[in-house]
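Examining the three-dimensional arrangement
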Amino acid sequence: MKALGAHVVDLLRGPHLLRAAVLAFAVAVAFLVGYHWPNAYPRLVFFSSASSSLASRSSRSPAVALSPNSNISFEPSLIPTPTTPPASPAPNACPPPSLPPPTPAPPPPLLPPPPPARLGIVGEDGAMQDDFDIGSVGANDTDLASDETAPQEPSNGGASGGPPRVRIGRFLVCPESMREYIPCLDNEEEIKRLPSTERGERFERHCPAQDKGLSCLVPVPKGYKAPIPWPQSRDEVWFSNVPHTRLVDDKGGQNWITKVKDKFRFPGGGTQFIHGANRYLDQISQMVPNVAFGSHTRVVLDVGCGVASFGAYLLSRDVLTLSIAPKDVHENQIQFALERGVPAMVAAFATRRLLYPSQAFDMIHCSRCRINWTRDVFPLGLLG
């Protein structure tokens, strides 16, 4: 017994007792720290299904567990927030009331157009003018020929802000014998070189070379007046503007043209319609109902038109007619047509086509026009 007591004293004096004392002290300190910690810092509480199931079996109280990240701070602004799409309106929801559109301001009043500038060197009375306004000059515009002996003098019109003005020498006037001159039809040098004139080649266009062009102004007839306006011009024109009397002598009996004092009168007749063009057009409509002037037939070519009474009376039926005739022994018939205000052109069906595409005209009219259609026109394809 004495030996056992001595052994216990040895244990208390040895290092084992010291170790046990240190361990007991550490346990006590840990218990105290854990007991006082919840009063100073919040904790993240997690409910565990396993621990709750165990607790439900024992005391029916929930078990808790602390997160290992409970002592870590973070910045709330760094947490992404989910964006929710805008809610779509209900299908039966009424749309919000819309405000009426603002009333637009009234447009400013239109200003009257400026008066047109007079361009050209011939006045309304047909007389030459000393000065004129210069229009816009393009790259393809050509200079007009003038009297080289008269120098050009620029004026000071452009300095005041207005359009530029120049003074130009008067154009030379052709001799009186060239009053009826047409460069491409009266080119005698080219006509003499033609191998044949049997089919009317002399009445076709034979324009002079560029360096042989006309460099003077064809004089107007003596006593020329401003043309009579349409529709009065369909029935009468000034005699002084087209002073040709041969047609009155040759075609007066066919009701083409008559001279009354200082005017030519046009009764409306022709070689094949001496009773007037209106009656003649009615007869055509009765014979060919499908012609339907003004609806089915709108564009007509009148070959050998004479004084163009056929085309003049078609205008009142909403038909546009191009009247053509050669410059032959009856003088220039086209001058009468143009003076009356009818579209016309000096031309002839001979060996060349007119400068118009195929099917350009709804109808072609020929009333004793002296054209051999089966020999000249159709074999040569002059009508396309």
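Residues numbered from 1 in each chain as written. Predicted model: local features only at pLDDT ≥ 70, side-chain atom pairs only at ≥ 80, totals over all residues. Heavy atoms only, no water.

The name given to the protein in an unreviewed UniProt entry is Methyltransferase, and the organism recorded there is Zea mays.

1. So, the overall build of the protein
A count of helices and strands for the protein gives 9 helices and 12 strands. Evaluated residue by residue, the protein yields a buried proportion of 27% over its 384 residues. Excluding contacts between residues fewer than 6 apart, the proportion of contacts in the protein whose partners are at least 24 apart in sequence is 52%. Within the structure as shown, the protein displays about 27,400 Å² of accessible surface, and the carbon and sulfur contribution to it stands at 60%. (Helix = DSSP H or I, 4+ residues; strand = E, 2+ residues; numbered from the N terminus. Buried < 20%, exposed > 50% of the residue type's maximum accessible area, 1.4 Å probe, protein only. Contact = heavy atoms within 4.5 Å. Areas by Shrake-Rupley, 256 points an atom, 1.4 Å probe, with all protein chains shown as cover.)

2. Here we look at the nonpolar core
By size, the foremost hydrophobic cluster in this structure holds 23 residues, and its most contacted members are L281, F293, V300, F310, L314, I334 and M363. Elements with a minimum of two residues in this core: α6 (277-287), α7 (309-314), α8 (333-340) and β11 (344-346). With residues near it in sequence (within four places) discarded, F310 still touches F273, A277, Y280, L281, I284, V300, D302, M363 and H365. Counting 11 residues, the second-largest nonpolar core is a separate cluster that includes V303, A347, F361 and W373. (Core = buried A, V, L, I, M, F, W, Y, C linked by side-chain atoms within 4.5 Å.)

3. Side note on unusual backbone geometry
Cis geometry is found at the peptide bond from W230 to P231, where omega equals 10°. Relative to the assigned elements, P231 resides in the loop between α4 (188-192) and β6 (236-238). A positive phi angle, near 40°, is found at A292, a position not held by glycine. Despite not being glycine, Q359 shows a phi value in the positive range, around 65°. Here Q359 lies in the loop between β11 and β12 (363-366). A relative accessible area of 72% means that Q359 is categorised as exposed.

4. Let's talk about the confidence of the model for the protein
On average, residues of the protein score 75 in pLDDT, and 61% of them are at 70 or above. Taken together, the stretch residues 44-59 has pLDDT below 50 and engages in 21 contacts with residues farther than four places along the chain or on a different chain. (pLDDT = per-residue confidence, 0-100.)

5. Brief notes about the state of the cysteines
In the structure shown here, the tally under the stated rule is 2 disulfides. Each disulfide pairs two cysteine sulfurs, and for C174 the partner residue is C216, the sulfurs being separated by 1.8 Å. Between C174 and C216 the sulfur-sulfur dihedral comes to about 100°; the bridge is accordingly right-handed. Of this pair, C174 sits in the loop between β5 (165-167) and α4 while C216 sits in the loop between α4 and β6, placing them 42 residues apart in sequence. Here C184 is linked by a disulfide to C207, with a sulfur-sulfur distance of 1.9 Å. Judged by the sign of its S-S torsion, about 105°, the bond between C184 and C207 is right-handed. One end of the pair, C184, is in the loop between β5 and α4; the other, C207, is in the loop between α4 and β6, with 23 residues separating them in the sequence. For C184, a relative accessible area of 13% puts it in the buried group. (Disulfide = S-S within 2.5 Å.)

6. Notes on the sheet that holds β12
Read from one edge to the other, the open sheet built from 4 strands follows the order β11-β10-β9-β12, with strand pairing classed as parallel. Edge positions in the sheet fall to β11 and β12, since each has one partner strand and no second. Neighbouring strand axes in the sheet, compared pairwise and without regard to direction, differ in orientation by 20° on average. Bridge analysis of strand β9 (residues 299-303) against strand β10 (residues 320-325) gives 5 bridges, and the strand direction is parallel. Looking across to β10, one finds that V303 is bridged to I324. Against the sheet, α8 makes contact with β10 and β11, and its axis sits at roughly 160° relative to β11, the strand it touches most. (Pairing = 2+ DSSP bridges. Axes fitted to C-alpha atoms, helices over the stretch in contact; angles between N-to-C directions.)

7. Concerning the pairing of β12
On β12, burial follows the alternation: M363 and H365 on one face are buried, whereas I364 and C366 on the facing-out side are not. When β9 meets β12, the two strands line up parallel, connected through 4 bridges. Bridged to V303 within β12 is C366.

8. As for the side chain of D186
Note that D186 resides in the loop between β5 and α4. Within polar-contact distance, the side chain of D186 engages the backbone nitrogen of I182 at 2.8 Å. A polar contact of 2.7 Å, which involves the side chain of D186, links it to the side chain of K327. Ignoring anything within four residues of it in the chain, the contact list for D186 reads E180, Y181 and K327. (Polar contact = N/O pair within 3.5 Å; in protein donor to acceptor, adjacent residues only side chain to side chain.)

9. Some details on α6
Where α6 is concerned, the buried positions are A277, Y280, L281 and I284. For α6, the angular spread of buried residues about the axis comes to 100°, placing them on one side. On its buried face, α6 sits against α7 and β12. (Arc of directions from axis to C-beta.)

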